[in-house]
Amino acid sequence: LAIPKKLFKRDKLVSWVRCHVQPGPVLDVGCSGGHTLERLPAHYVPFGIEVSQQLASLADSRFAQRGGRVVQGTATAALPQFQDGFFTGVIMTSYLEHEVNPRAVLEGARKTMQARARLIVKVPNYASLNRRVRGGRWCGFRFPDHVNYFTPPLLTRLLREAGFRVIRFGLSDRMPTSDNMWLLAENSSG
C-alpha cells in the first residue's frame, strides 16, 4: 500500500500565512522563481524581491497574473520601491542568513508593512544539537552564501531592535534537535 507523501508533509509556510497574515499584498524577500507565493490562496497578492535577473523575471510573470510584481535587485535597494504601509505580510524564508545587513533589511521591510502586519522568518538554527555534533560538516554551513548565523536569543533581539514584536517563537518553532527555526513577528508601529 503506497501512501502519498503529501498526506504527511504539511506546507508550514502556507499554513502560517493562512493563520497569521491578513488577505492582501504579501512580499517574499528572496522570492526565487516565485514558487513559494504561487502556493498561497487567491486572496493574497504576491510581490517579491529577487537578486537574480532570470529568477526575478520568472517570478514577475507568475505574480503579474495575480496582480503582483517582482523588483529585481538587492533587498536594501528594492524595499524603498514599495509604498510605506502597503503589505499585510512579509516572508523571509531562507533569506536572512544570506543578508550582509539583516537589521537594515528588517527595518526597511517594516516600513513597507501595515501596522500589525506579520513577518514570517525561517533561518538555520545555529544553536541546534546537530550543529554541535557535526561541527564544520553541519548542513547549515554554506560558504560563501551564508554570511549570518542565528541562535534563538540573537534572532529575537535582532527582530526587536528592528521594531518588531515577536508573537510566536516557542520551543516547537526552535527545537534544539531541528536545523531550522521559524519565527512570527508583528510590525509594532502604529
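Our subject in this report is the structure included herewith. Here the structure is a predicted model, which is why all the values come from computation and not from measurement.

Time to look at helix H3 (residues 53-64). The terminal C-alpha atoms of H3, which comprises 12 residues, lie 16 Å apart, in line with the 16 Å expected from a rise of 1.5 Å per residue. Next to the buried residues of H3 lie helix H2 (35-38), strand E2 (44-50) and strand E3 (70-72).

With that settled, the discussion passes to the sheet that holds strand E5 (residues 113-124). Strand order in the open sheet formed by 7 strands is E3-E2-E1-E4-E5-E7-E6, with mixed pairing between adjacent strands. Looking along the sheet, the strands with just one partner apiece sit at the ends: E3 and strand E6 (164-168). Strand-to-strand twist in this sheet, taken as the mean axis angle between neighbours without regard to direction, amounts to 20 degrees. With 6 bridges joining them, strand E1 (residues 24-29) and E2 adopt parallel strand pairing. Paired with Gly24 across the two strands is Tyr44, which belongs to E2.

To continue, consider the nonpolar core. In terms of nonpolar packing, the biggest core is built from 33 residues, with Met92, Leu119 and Leu155 touching the most fellow members. Here the element with the most residues in this core is E5; it accounts for 5 residues. One finds Tyr44, Ala56, Ile120 and Leu184 within the second-largest nonpolar core, a separate group that totals 18 residues.

What follows deals with the pairing of strand E4 (residues 87-93). Most of E4 sits out of view: 7 of its 7 residues are buried. Pairing analysis gives 3 bridges linking E1 to E4, with the strands arranged parallel. Its bridge partner lying in E4, Leu27 is registered against Val90. Pairing analysis gives 6 bridges linking E4 to E5, with the strands arranged parallel. What sits directly across from Gly89, in E5, is Arg118. Traced from E4 through helix H5 (residues 102-112) to E5, the parallel crossover comes out right-handed.

As a further point, take the packing of aromatic side chains. By the definition in use, this model includes 6 aromatic pairs. Centroid distance Phe47 to Phe82: 6.2 Å. Interplanar angle 90 degrees. Geometry classified as edge-to-face. Of this pair, Phe47 sits in strand E2 while Phe82 sits in the loop between helix H4 (75-78) and E4, and the two are 35 residues apart along the sequence. Overall, Phe47 belongs to the buried group, its relative accessible area being 7%. By the ring-pair criterion, three or more aromatic residues cluster together here, those being Phe47, Phe82, Phe86 and Phe87. In this structure, Arg174 packs its charged tip against the face of Phe169, placed 5.3 Å from the ring centre.

About the thresholds
- Residues numbered from 1 in each chain as written.
- Predicted model: local features only at pLDDT ≥ 70, side-chain atom pairs only at ≥ 80, totals over all residues.
- Heavy atoms only, no water.
- Helix = DSSP H or I, 4+ residues; strand = E, 2+ residues; numbered from the N terminus.
- Expected span 1.5 Å × (residues − 1).
- Contact = heavy atoms within 4.5 Å.
- Pairing = 2+ DSSP bridges.
- Axes fitted to C-alpha atoms, helices over the stretch in contact; angles between N-to-C directions.
- Core = buried A, V, L, I, M, F, W, Y, C linked by side-chain atoms within 4.5 Å.
- Buried < 20%, exposed > 50% of the residue type's maximum accessible area, 1.4 Å probe, protein only.
- Right-handed = clockwise from strand over helix to strand, strands pointing away.
- Phe/Tyr/Trp six-rings, centres within 6.5 Å; stacked < 30°, edge-to-face > 60°.
- Lys NZ or Arg CZ within 6 Å of the ring centre and 35° of its normal.

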